[in-house]
Amino acid sequence: MLDKKHYPEALEGAVFSILSTAADELDLPAYVIGGYVRDYFLKRGQKKDIDVLAVGSGISLARKVEELLPHSTKVSVFKNFGTAMIKTDELELEFVGARKESYNRDSRKPIVEDGSLEDDQNRRDFTINAMAFSLNKSSFGALLDPFNGMQDLQDKIIRTPLDPDITYSDDPLRMLRAIRFASQLNFRIEQKSFQSIQRNAHRLKIISNERIVTEVHKIMMCDQPSFGFQLLEKSGLLKQFMPELTALKGIEEIEGQTHKDNFYHTLEVVDNISKNTNDLWLRWAALLHDIGKAPTKRFSKKVGWTFHGHEFKGSKMVYHLFKRLKMPLNDKMKFVQKMVRMSSRPIAVIDETATDSAVRRLVHDAGDHIEDLMTLCEADITTKNPRRFKKYHNNFQKVRDKIVEVEERDHIRNFQPPVSGEEIMKAFDLQPCREIGMIKTAIKNSILDGIIPNEHTAAYQFMIEKGKSLGLTPVI
Ligand code: CTP
């Protein structure tokens, strides 16, 4: 169906006029389709990646565009996929020929046949992503919107062009994409579609973890990630790839004693932290900070519910989760582990009425991540009692003040003991041995405990005394 409306102003710029000329020279119907059109109407700012659809060979169109572009821009051709790509300084053009696709039930690999524009639009994920602008001169800027994506944009609804069971079965990743778009755009998923996701959630298993994680990252970077995570949970998708998180759901009661629902608490923490940071990995740390609570949960008559050691257990689980989801096992993962492992430390410091030595140890162990850790702990305050909320925040502010004070005085962040192992060996004429490590640890602890200042002279003197107490004799 050809919508009468034309939007040539959406295709302003040299690239679009080159695309138009190239399409006409080859006598190929060509369109800008998908995200670019959607984001134009949503006024989300111009998209950098532009999907160009040719009814015919997308590769030929790309080659023609390459010829017409003023600079020596090269086209990359992916013969196996029938696609091509041109990167200019500002834009990334992806060319594809219109297809009529059907998929194998158990794989993402489509059986591809050439098709018409309508065939191609039919096989796209959502009505709002199936809209196209014509590029050919005679109809430049015409909107082709066969499924009334414009109306769905206005009504803020995610809907599939075909029966959702077919669209999701063609590519089960689309179930996650539905939730991702709903979260990013603050749209609602049509009920029929959501029910289909619930029915087909198990089919996510044929999707690679990399593709899943790409979508999860996008949900995580939304203003209010809980919106997406609640839908992921409700749809049954979350349990497919992150059962550690769904295991936190629920409240148990024994002898009248309950614990909080750690799943919803976690989501609140993620929302809280997202107001204060755009660091993807700190947001991940918030998402995973309590995952150790399911396996460590115990009930005893004396103390009620406990989650002893959940931080340590949780940090181990971070590794397994990252590994399984094929996420990077690098310093990002180590950062998340560290945040999870240390997530209760600032609270413990408050319980010790924030003594200097407790704060020094905290700063020493957190190193450069102390700010992030404080941000996480503050986000962890989810009490609905305003008096307590204020009290906890005040307490953390006191810890922050104390951190500044201790840092200024003792320079404890990333500190190395002021006496080196070599100096110890020299002072007692030692070969490498256990005592050197013992002395070094003793020096470090004395500094952290405030027994001696973080200075060479005091530390050297302390080393001599400590060595003597271990039965060593100084030689200098
Ligand atoms: N598409 C699809 N099914 C998928 C992935 C993509 O039908 N599983 C189609 C949609 O028409 C989509 C277009 O391919 O608009 C481009 O996909 P992609 O670049 O992943 O998404 P965008 O819509 O461009 O949005 P974003 O950049 O936010 O991911």
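Residues numbered from 1 in each chain as written. Predicted model: local features only at pLDDT ≥ 70, side-chain atom pairs only at ≥ 80, totals over all residues. Heavy atoms only, no water.

**With respect to the sheet that holds strand 2 (residues 49–54)**
Each strand in a sheet pairs with its neighbour through backbone hydrogen bonds, running either in the same direction (parallel) or in the opposite one (antiparallel). Strand order in the open sheet made by the 7 strands is 3-4-5-2-1-8-9, with mixed pairing throughout. The two strands at the open ends of the sheet, each matched to only one other strand, are strand 3 (75–78) and strand 9 (143–144). Relative to strand 5 (residues 92–97), strand 2 runs parallel, the two being bridged by 6 bridges. Bridged to I50 within strand 5 is L93. Where helix 2 (residues 35–42) meets the sheet, its contacts fall on strand 1 (30–33), strand 2, strand 8 (132–134) and strand 9, and the angle it forms with strand 1 comes to roughly 55 degrees. (Pairing = 2+ DSSP bridges. Helix = DSSP H or I, 4+ residues; strand = E, 2+ residues; numbered from the N terminus. Contact = heavy atoms within 4.5 Å. Axes fitted to C-alpha atoms, helices over the stretch in contact; angles between N-to-C directions.)

**What about the pairing of strand 4 (residues 83–87)?**
Most of strand 4 sits inside the fold, with 4 of its 5 residues counted as buried. Both strand 3 and strand 4 contribute to a ladder of 4 bridges, which runs antiparallel. The residue of strand 4 that forms the bridge with V75 is I86. Hairpin remark: strand 3 followed by strand 4, antiparallel, with 4 residues in the connecting loop; positive phi at G82, about 70 degrees. Across 5 bridges, strand 4 lies against strand 5 in antiparallel orientation. Considered in strand 5, the bridge of M85 is made with E94. Here strand 4 hands over to strand 5 after 4 residues, the two strands then running antiparallel side by side. (Buried < 20%, exposed > 50% of the residue type's maximum accessible area, 1.4 Å probe, protein only.)

**Quick word on the layout of surface pockets**
In this structure, the second largest pocket spans a volume of roughly 600 Å³. Lining the second largest pocket are 24 residues; nearest its centre among them are K260, K293, S344, I347 and D380. For the lining of the second largest pocket, the elements supplying multiple residues, two or more each, are helix 13 (262–274), helix 16 (310–324), helix 18 (345–351) and helix 21 (386–410). Take the lining of the second largest pocket: its biggest share by element is 4 residues, from helix 21. (1 Å grid on protein atoms, 1.4 Å probe; cavity = no way out; pocket = protein on both sides within 12 Å on 5 of 7 lines; lining within 4 Å. Points joined across faces, edges and corners; volume = space filled by probe spheres on them.)

**A few points about the site of the ligand**
Near the ligand, the surroundings consist of 14 residues, among which R38, K47, D125, N129 and D171 are the closest. Between the ligand and N129 there is a distance of 2.9 Å, counted from an oxygen atom to a backbone nitrogen or oxygen. Protein chains shield 78% of the accessible area of the ligand, which is 560 Å² for the free molecule. Elements that contribute at least two residues to the shell around the ligand include exactly helix 2 and helix 7 (173–185). The element best represented in the shell around the ligand is helix 7, accounting for 4 residues. Here the residues of the shell around the ligand sort into 1 nonpolar, 3 polar and 10 charged. When we break the shell around the ligand down by domain, the ones giving at least three residues each are domain 1 (2–154) and domain 2 (156–241). (Near = heavy atom within 4 Å. Polar contact = N/O pair within 3.5 Å; in protein donor to acceptor, adjacent residues only side chain to side chain. Areas by Shrake-Rupley, 256 points an atom, 1.4 Å probe, with all protein chains shown as cover. Nonpolar A, V, L, I, M, F, W, Y, C, P; charged D, E, K, R; others polar. Domains from an automatic or database assignment.)

**Things to note about the pattern of salt bridges**
On inspection of all chains with the given rule, the structure shows 31 salt bridges. When the shortest N-O distance is used, the salt bridge between D290 and K293 registers 3.5 Å. Neither D290 nor K293 differs from the other in exposure class; each is buried. Residues joined in a network through salt bridges with shared partners are D356, R360, K402, E405, R409 and D410. (Salt bridge = Lys/Arg side-chain N within 4 Å of Asp/Glu carboxyl O.)

**Quick look at the domain arrangement of the protein chain**
Structurally, the protein chain comprises domain 1 (2–154), domain 2 (156–241) and domain 3 (421–469). For domain 1 and domain 2, the distance between their C-alpha centres works out to 24 Å. In this complex, domain 1 contributes 22 residues to the contact, which on the side of domain 2 involves 23 residues. Roughly 2,000 Å² of surface becomes buried between domain 1 and domain 2 when both sides are summed, with 53% attributable to carbon and sulfur atoms. (Buried area = accessible area lost by both parts, 1.4 Å probe.)

**Some points on unusual backbone geometry**
Of note in the backbone geometry, D27 takes a positive phi value of approximately 60 degrees without being a glycine. Its place among the elements puts D27 in the loop between helix 1 (14–25) and strand 1. With a relative accessible area of 68%, D27 lands in the exposed category. Residues other than glycine seldom take positive phi values, yet K156 does so here, at roughly 55 degrees. Within the secondary structure layout, K156 lies in the loop between helix 5 (149–155) and strand 10 (157–158).

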